[in-house]
Amino acid sequence: MKRLILVLSLIILTNCSNDVSTQIPLIKGYWEIVNVKKDNKIVKEYTISTTVDYFEVKDDLTGYRKKVSPNLNGKFMVTQHEIPFSLITENNLLQIEYNSNNVTFIETIKKVTKEELIITNAEGFIYTYKPYTPINIE
């Protein structure tokens, strides 16, 4: 009986910890690209980036992605261009479905924590981001 309870507890804990919907709130915010990989090789390393990706996520799992340029005063120069998206959670995957100019494409969020965001696309590119930290010159 104790073994059965232990096994059932482990199954429940494993299933709860793999619920990708709990990761959704972590996506929202400013993310700075670190590198791009393909076939386990770094394609591009970013030591400094002039733009930051901002993700806005609403309660209905829609949102947008926008490139912004940080200024030295801690504010952002924002363009009007943004790509709308919908978040999809199925088969224990968290995906971003973009629809821009009647073109639909999907990226998969492989990992999202407070410290890291990893996104892959259909071409096999892996984009690694870190949270944006403003430069303080004072």
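This text gives an overview of the structure that appears in the document. Just so you know, these numbers come straight off a predicted model, no measurement behind them. Starting afresh in each chain, residues are numbered from 1 along the sequence in its written order. Thresholds applied to this predicted model are a pLDDT of at least 70 for local features of residues and 80 or more for the giving and counting of side-chain atom pairs; totals over whole chains, interfaces and linings are not thresholded and use all residues. With hydrogens and water set aside, each side-chain value is computed from the structure's full complement of heavy atoms.

Moving on: the overall build of the chain. Here a strand is any run of E in DSSP of at least two residues, a helix any run of H or I of at least four, and the numbering for each starts at the N terminus. Each helix and strand counted, the chain has two helices and 10 strands in total. The buried share of the chain, taken over its 138 residues, is 29%. Here a residue-residue contact requires only that any non-hydrogen atoms of the pair lie within 4.5 Å. Taking as baseline every contact in the chain between residues at least 6 positions apart, the subset at least 24 positions apart corresponds to 41%. When the accessible surface of the chain is totalled, it reaches about 9800 Å², and 55% of it is carbon and sulfur. Here's how the labels work: a residue is buried when its accessible area is under 20% of the maximum for its type, exposed when over 50%, partly exposed in between, all with a 1.4 Å probe on protein chains only. Using the Shrake-Rupley algorithm and a 1.4 Å probe, accessible areas are obtained, with residue cover drawn only from the displayed protein chains.

The rule for a salt bridge is simple: a side-chain nitrogen of Lys or Arg has to be within 4 Å of a carboxyl oxygen of Asp or Glu. Overall, the coordinates contain six salt bridges when judged by the stated rule. With its nearest N and O atoms 2.7 Å apart, the salt bridge here joins Arg65 to Asp53. Of this pair, Arg65 sits in strand S4 (residues 62–70) while Asp53 is found in strand S3 (residues 52–57), placing the two residues 12 residues apart along the sequence. Pair check on accessibility: Arg65 and Asp53 agree, each one buried. Linking Glu116 and Lys111 is a salt bridge whose minimum nitrogen-to-oxygen distance equals 2.9 Å.

Purely geometric stuff here, so don't read any function into it on its own.
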